[in-house]
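Residue-level listing of the chains:
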Amino acid sequence: ETMPNGVASGDVTQTSAVLWARTLAGSTVTFTYSTDPTFASASGTVTGETTDAMIPVKVELTDLQPGTAYFYRATDASGRMVEGRFRTPAAPGVKQGLRFGVTGDWRGELRPYVSLANVAEQEFDFFMEHGDTIYGDVPSLDLNRVAQSLADFRIKHNEGYSERYGRNIWAEIRASTPVFATIDDHEVCNDFAGGAPPSSDERFDPTGEYINQTELYTNGLQAFQEYNPIRQETYTGTGDLRVDGRPKLYRYRTFGSTAAVFVLDARSFRD
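The rules behind these values
Residues numbered from 1 in each chain as written. Predicted model: local features only at pLDDT ≥ 70, side-chain atom pairs only at ≥ 80, totals over all residues. Heavy atoms only, no water. Helix = DSSP H or I, 4+ residues; strand = E, 2+ residues; numbered from the N terminus. Buried < 20%, exposed > 50% of the residue type's maximum accessible area, 1.4 Å probe, protein only. 1 Å grid on protein atoms, 1.4 Å probe; cavity = no way out; pocket = protein on both sides within 12 Å on 5 of 7 lines; lining within 4 Å. Points joined across faces, edges and corners; volume = space filled by probe spheres on them. Nonpolar A, V, L, I, M, F, W, Y, C, P; charged D, E, K, R; others polar. Core = buried A, V, L, I, M, F, W, Y, C linked by side-chain atoms within 4.5 Å. Contact = heavy atoms within 4.5 Å. Patch = residues over 30% accessible without salt bridge, like charges linked within 9 Å, V, L, I, M, F, W, Y side chains within 5 Å. Areas by Shrake-Rupley, 256 points an atom, 1.4 Å probe, with all protein chains shown as cover. Salt bridge = Lys/Arg side-chain N within 4 Å of Asp/Glu carboxyl O. Axes fitted to C-alpha atoms, helices over the stretch in contact; angles between N-to-C directions. Left-handed = near helix turned anticlockwise from the far one by under 90°. Pairing = 2+ DSSP bridges.

A. Just unusual backbone geometry, in detail. In this model, Arg 111 is joined to Pro 112 through a cis peptide bond whose omega is 20 degrees. Tracing the sequence through the fold places Pro 112 in the loop between strand E8 (100–103) and strand E9 (126–130). Unusually for a residue other than glycine, Asp 63 sits at a positive phi of about 60 degrees. Position of Asp 63 among the secondary structure elements: in the loop between strand E5 (57–61) and strand E6 (69–76). Its relative accessible area of 69% is what places Asp 63 among the exposed residues.

B. Geometry of empty space enclosed by the protein. Inspection of the entire model under this criterion finds three cavities of 30 Å³ or more. Considered as a void within the structure, the largest cavity measures approximately 80 Å³ in volume. Around the largest cavity, the lining comprises 13 residues; the ones closest to its centre are Pro 89, Ala 90, Gln 96, Asp 125 and Phe 255. Looking at side-chain class alone, the lining of the largest cavity contains five nonpolar, six polar and two charged residues.

C. Representation of the nonpolar core within the structure. Membership of the largest hydrophobic core comes to 25 residues, with the highest contact counts inside it found for Phe 31 and Phe 86. Elements supplying a minimum of two residues to this core: strand E2 (17–21), strand E3 (28–34), E5, E6, strand E7 (81–87), E9 and strand E12 (259–263). Once residues within four sequence positions are removed from consideration, Phe 31 is found in contact with Leu 19, Trp 20, Ala 21, Gly 44, Thr 45, Val 46, Val 57, Val 59, Tyr 72, Arg 73 and Ala 74. Core analysis: the second largest hydrophobic core is formed by 21 residues, Ala 181, Cys 189, Ala 193 and Leu 221 among them.

D. Structural context of helix H1 (residues 150–160). Among the 11 residues in H1, nine count as buried, and that is most of the element. Along H1, the positions that sit buried rather than exposed are Leu 150, Asp 152, Phe 153, Arg 154, Lys 156, His 157, Asn 158, Glu 159 and Gly 160. Elements in contact with the buried residues of H1: helix H2 (169–176) and helix H3 (215–226).

E. Highlighting a nonpolar patch on the surface. A contiguous nonpolar patch, built from Tyr 250, Tyr 252, Phe 262 and Leu 264 and spanning about 430 Å² of accessible area, is present on the exposed surface. Using a relative accessible area of 45% as the deciding quantity, one classes Tyr 252 as partly exposed.

F. Local environment of the pattern of salt bridges. Scanning the model with the defined rule gives 19 salt bridges in all. Between Arg 73 and Glu 83 there is a salt bridge; the shortest N-O distance is 2.6 Å. With a gap of 10 residues between them, Arg 73 in strand E6 and Glu 83 in strand E7 connect regions that are remote in the sequence. The exposure class of Glu 83 is partly exposed, given its relative accessible area of 39%. A salt bridge links Arg 80 to Asp 76, with the shortest nitrogen-to-oxygen separation between them at 3.3 Å. Residues Arg 80 and Asp 76 agree in their burial class; the two are buried. Linked through salt bridges whose partners overlap, the residues forming this network are Asp 11, Glu 60, Arg 231, Glu 233, Arg 251 and Arg 253.

G. Geometry of the layout of surface pockets. Taken as a whole, the largest pocket holds about 300 Å³ of empty space. Grouping the constituent residues of the lining of the largest pocket by class yields six nonpolar, four polar and five charged.

H. Representation of the packing of H1 against H3. Direction vectors running N to C along H1 and H3 enclose 40 degrees, while the axes themselves pass 9 Å from each other. H1 and H3 meet at a crossing whose hand is right-handed. Together, Leu 150, Phe 153, Arg 154 and His 157 of H1 and Leu 216, Asn 219, Gly 220, Gln 222, Ala 223, Phe 224 and Glu 226 of H3 make up the contact between the two elements. Taken together, the residues that form the contact of H1 with H3 break down as five nonpolar, four polar and two charged.

I. View of the pairing of E9. The buried count for E9 comes to four of five residues, which makes it a mostly enclosed element. Relative to E9, E8 runs parallel, the two sharing four bridges. For Thr 103, the partnering residue across the bridge sits in E9 and is Glu 129. Sheet topology note: the E9/strand E10 (residues 179–182) ladder contains four bridges and is parallel. Following the sheet pairing, Met 128 is matched in E10 by Phe 180.

The following block contains the structure:
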């Protein structure tokens, strides 16, 4: 047996990265990383813990070198080990081009997503998960109802990143290529407007002034953040009640002096 969703890296900067894994039993996961693919000399070790097999482990690596390939191993308490790799973005001033991939809108019953089978070999600088990473509002193989609870949303994310027909192509991508990720609407439900009042949409519970304060939204966003190798950031000090305290998915990253990348959230705050 191995880790059911493989491993992942993401949210990279010139000097940091987030590593991710989900173990079959709630336990400690140890991440060892190195610039040497043989791990003859390790750059460092970071551990993360979970008490629930459905909650992935995430750790952050810091003090990395820009424009550098890193290799890592995730090992759980039972000795299961999965390897991955990523490259940090080049330092400002470096111009070396940019190669990346992007996809969005995938449903768990369509896995293993053979149209993505060549991504791992491309050696992209990053791969963008461009929203609708689940269809929480559509029944599927692993959850034959609309997702409502936090447990429901975790099932949906696990479904998409799991093996089927002997392949787990998402695990291959996420082990080989750092990812960025954001939501569209189906991480919660179709065409939702997070900055509108719950009274405007009967699918939402009246537990907040805005849809992005309701239990349904909170459950969907928590599971999304758990199942992606991204930092769990929150907006503070904005002076806007629709925004303060809500998940911050916006990212701004530079890749040398070649490109600036902006990751947006087009759903959480629209009215």
